[in-house]
Amino acid sequence: MSTQTEHEKVRGWLTGRLPGDWFDGETELSIDRDEILIVGRIPAPEQNQDVSAAERSAAEDGRIKQFREDTRERRIEIARELEHAARRKVAWGVRCGETRTVFTSLSAPVMTRLRQPERQVLDTLVDAGVARSRSDALGWCVKLVAQHSETWLTDLRAAMTKVEDVRRAGPDTDQD
């Protein structure tokens, strides 16, 4: 989990560094211990109101592919600078219309010890074809928990932010 200060520093750095014509509005910014994910909104292709969902989706996919190719070298340059400054990997993505695509993303191994009942849950998901491996099954479980407990996780993150604010205001900090 990143602190509010880290988040603000990265957002400020990106505000000064990203080309102004790349994204509409503010970028989505997600930061954890390993990675910074930057997702910007790009304009959707203009289409008639009566186009099918499949056609609209294909047009958005095409626009995303064009953006990805047109900005590749610049994104790599910016990512290298930010990776050096923040000591985290940088991933990029875009939102176009209803489509959200992440181009590159870090897949970090997580070591865990599971007892037989937990392993049996993972093996059931693998045997049923829901997941390809225990690793995929564990990732699927984490996504499911996050989806069904988002309110609780949001409250927990807000509380952690409050703790960080209290620590910053503590007696050991330099105050003007």
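Residues numbered from 1 in each chain as written. Predicted model: local features only at pLDDT ≥ 70, side-chain atom pairs only at ≥ 80, totals over all residues. Heavy atoms only, no water.

Draft legend 1. Highlighting the overall build of the chain. Broken down by element type, the chain carries five helices and four strands. In sequence order, the secondary structure elements of the chain are arranged as α-β-β-α-β-β-α-α-α. Taken over the C-alpha trace, the chain has a radius of gyration of 20 Å; the compact-globule value for 176 residues is 16 Å, which it surpasses by more than 25%. With 176 residues in all, the chain has 28% of them scored as buried. (Helix = DSSP H or I, 4+ residues; strand = E, 2+ residues; numbered from the N terminus. Rg over C-alpha atoms; globule rule 2.2 N^0.38 Å. Buried < 20%, exposed > 50% of the residue type's maximum accessible area, 1.4 Å probe, protein only.)

Draft legend 2. Representation of the sheet that holds strand S4 (residues 99–102) within the structure. The strand order S1-S2-S3-S4 describes an open sheet built from four strands, whose pairing is mixed. The open sheet has two edge strands, strand S1 (28–31) and S4, and neither has a second partner. When strand polarity is set aside, the average angle formed by the axes of neighbouring strands in this sheet is 15 degrees. Sheet topology places S1 next to strand S2 (residues 35–42); four bridges connect them, and they run antiparallel. Looking across to S2, one finds that Glu-28 is bridged to Val-39. (Pairing = 2+ DSSP bridges. Axes fitted to C-alpha atoms, helices over the stretch in contact; angles between N-to-C directions.)

Draft legend 3. Structural context of helix H2 (residues 53–86). Over its 34 residues, H2 runs only 40 Å from end to end, short of the ideal 50 Å by more than 12%, given 1.5 Å per residue. Roughly 65 degrees is the biggest bend found in H2, and it falls at Arg-72. Summarising the contacts, the buried residues of H2 are in contact with helix H1 (4–17), S2, strand S3 (89–96) and S4. Arg-87, located one to two residues past H2, shows a positive phi value of around 55 degrees. (Expected span 1.5 Å × (residues − 1). Bend = angle between axes of the 7 residues up to and from the residue. Contact = heavy atoms within 4.5 Å.)

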